[in-house]
Amino acid sequence: MRPYKAAGLLVVPAAVLTASVAAHPEPVTAPPFETSTLDGGVRAGDVVRGAAFPTKAGDLVGFDPTADTLVAQAAAGTELTGLDAHTGTVRWRRKLDDAGAYGTVLWSQNDLGAGSVLVNAYDRGSRAAELAALSTRTGETRWRMPLSARTQAMAAGPATLVGEPAESSSPMRWADPRDAPKTTKSPAPARKAEVDRVKATPTSWGPHAKKDAKKSPSPSPSPSTKTKTKTKAGTKPTPTATPTTAPTPTPAKTDDHTSGRARIGHTDEDAGTVPTRDAPDPGKINAVSAGDGGRLWSADLPEGCDLRAAAGDGKTTALRLACTAGDRVEDRLEIRDARTGALRSRTALDPAADDGGLGLLVRGGATLVRGARTFQLFAPDGHRLVQRTGDGCAEYCDLAVEGGVAVVAQSGAAADPTDGALEAFALTDGAERWRADRTVRALVREGGRLYAVGPAPQPVPFTAVSGVGEHGLSDPFATMLPAGAVPQRGTAMLVADNTGLAWYRIRPVEQPPGYLGGATARPDPCTAVPRAEVTKRLGRPGGSAHRDDTTTCTFTSGSKTLRVEVLWAGTDEPSAIARYNVVKGEDIERYGTVVVATRTTG
């Protein structure tokens, strides 16, 4: 659920899953949220802690707000778990590795709002492969689709893109070549001619749950890339790319393009039916509803091209195709209407321009093509607004549309907390409207406002929140969250740490002048620690004091030195105590309203 992790595409063969097992819940009391207030202007934000619960979940797959369910996979990758999103109660468990059958969560899926979590499954014995959609409410199979060894499936927001290269195209490279079938086509999984009907068993969700007797598979972790980048300001956007024409996509016969509904209605999860959907023909790509598997539209997959990445938001779908012609390799970006498949633009990308890999992100209709050292921004109509080299998203990226601008957040490298930027580009011509050298891990909407969330400027050891607007952003406000907190996307902000999960909501605050919402001025680091304490640390009176910068002072006496760094200064002692309790450690101390980090050497 991270806003955007390093690029890559996991393409694996896909088998039938074991039945979902209802869990015995152990409820945790959840404190209520405090609601946000609405008023005009761009304001900084504080955070209010809501529900919190411990969990052993190793990796969050996504959050379904319609079912109030978090889906996570065990750290060992052997099990999927559905958790009540505000108590941590385990609603269902689904085994993902059994008797030669295994599977992987479709890791590109960050939107579970359609009620499905998608799993590529494969059985080594029968070499049967399929894409299975599991209900976020019950963990049971909603629909399935047989896959060949060459089919590529990936999520694009509420839709799923399934592509089958033409017969003459070069075969896909498997994640593990030992698992690749010897033929380019795998036999379809053996099933009854009619829709399967299975016995129902009671669960904690709904009156019944389907019992699937098939075996199940095991997820693997999503790939990541960690490469340091530096950001340049003032780079001009490239000229607008001219959209090209392509064969008109074929929508499903009864598709309602105005609503984007699939031709088949939503699956009745309590009816005990598991529909089987048709896989795409060779040389085709199908967009199907993640909710029920019904086809939204179909388009030609060019000869020699593989579908390598996809992203979408329900309005816009972006596809990255890797195409070969002789010894020449070309990456192509296609931007299409998510409901009809109509082509808005096609742009050639240089696959060698960024060896960190190219990834996609679609928000508010705009598309971000990102790499470790590059990024390109496309408007909702498909024309290219910005092309940058030297800038990129080594760790996390996020994108949001606010008014007439697209806001791009580049977090920079984890090893360099200053390597980040927040920029706003006009949706009309790509002109840079404003820029801030801020490390931002997520752009979060709360109460109708857009906020940038990330670590506060050094040395403050807390997460900071700024209001974001079309014409700029507010000064950051240091919250009570530690700087290392990584916000997850959701209807509110979900923060994961080593012990569990906690929900937070952002509320606008009046930003007082001064030190990140604390003291009215930065305290002098050379007077933050009482002189008697300095003498005690150094072993004798006297010595010299050197102010290294606005927050650090070094005291020297003989061979001993004492380094003092101001971490936080509150407006009053209670606020300083509260923040001290968050970050206190062996080398962190509080003197009145000032919290410092100290180190004695020599």
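Residues numbered from 1 in each chain as written. Predicted model: local features only at pLDDT ≥ 70, side-chain atom pairs only at ≥ 80, totals over all residues. Heavy atoms only, no water.

Focus: the sheet that holds strand E30 (residues 405-410)
Strands pair in a sheet through their backbones, by hydrogen bonds, and they do so in one of two ways: parallel or antiparallel.
So, point 1. Within the open sheet, the four strands sit side by side as E29-E30-E31-E32. Their pairing is antiparallel. Lying at the two open borders of the sheet, with one neighbouring strand each, are strand E29 (397-402) and strand E32 (432-436). Across this sheet, the average inter-strand angle for adjacent strands is 15°, counted without regard to direction.
So, point 2. With six bridges joining them, E30 and strand E31 (residues 421-426) adopt antiparallel strand pairing. (Pairing = 2+ DSSP bridges. Helix = DSSP H or I, 4+ residues; strand = E, 2+ residues; numbered from the N terminus. Axes fitted to C-alpha atoms, helices over the stretch in contact; angles between N-to-C directions.)

What to know about the packing of aromatic side chains
So, point 1. Summed over all chains, the structure comprises four aromatic pairs.
So, point 2. Between the aromatic rings of Tyr 102 and Tyr 122, the centroid separation amounts to 5.8 Å while the plane-to-plane angle is 75°, which identifies the pairing as edge-to-face. Taken together, the positions of Tyr 102 in strand E8 (residues 101-105) and Tyr 122 in strand E9 (residues 116-123) put the pair 20 residues apart, joining distant regions of the chain.
So, point 3. Take Tyr 102: its relative accessible area is 12%, and that puts it in the buried class.
So, point 4. The class of Tyr 122 is buried, set by a relative accessible area of 1%.
So, point 5. Residues Phe 462 and Trp 568 carry aromatic rings whose centres are separated by 5.9 Å and whose planes lie at 80° to one another, so their mutual orientation is edge-to-face. Taken together, the positions of Phe 462 in strand E35 (residues 462-469) and Trp 568 in strand E43 (residues 560-569) put the pair 106 residues apart, joining distant regions of the chain. (Phe/Tyr/Trp six-rings, centres within 6.5 Å; stacked < 30°, edge-to-face > 60°. Buried < 20%, exposed > 50% of the residue type's maximum accessible area, 1.4 Å probe, protein only.)

Side note on the state of the cysteines
So, point 1. Within the structure shown, the criterion is met by two disulfides.
So, point 2. Linked covalently through their sulfurs, Cys 526 and Cys 553 form a disulfide whose S-S length is 2.1 Å. Here the S-S torsion is close to 95°, and the disulfide linking Cys 526 with Cys 553 is therefore right-handed. Remark: Cys 553 occurs in strand E42 (residues 552-557) and Cys 526 occurs in the loop between strand E40 (500-509) and helix H1 (531-538); sequence separation between them is 27 residues.
So, point 3. When its relative accessible area of 0% is taken as the criterion, Cys 553 is described as buried. (Disulfide = S-S within 2.5 Å.)

Here's the deal with the sheet that holds strand E22 (residues 316-325)
So, point 1. Spatially, four strands are ordered E21-E22-E23-E24 in an open sheet, and the strand pairing comes out antiparallel. For this open sheet the edge positions go to strand E21 (305-312) and strand E24 (343-349), each flanked by a neighbour on one side alone. Averaged over all adjacent pairs, the angle separating strand axes in this sheet is 20°, with direction ignored.
So, point 2. In terms of strand pairing, strand E23 (residues 328-337) meets E24 through six bridges, oriented antiparallel. Directly across from Leu 333, in E24, lies its bridge partner Thr 347.

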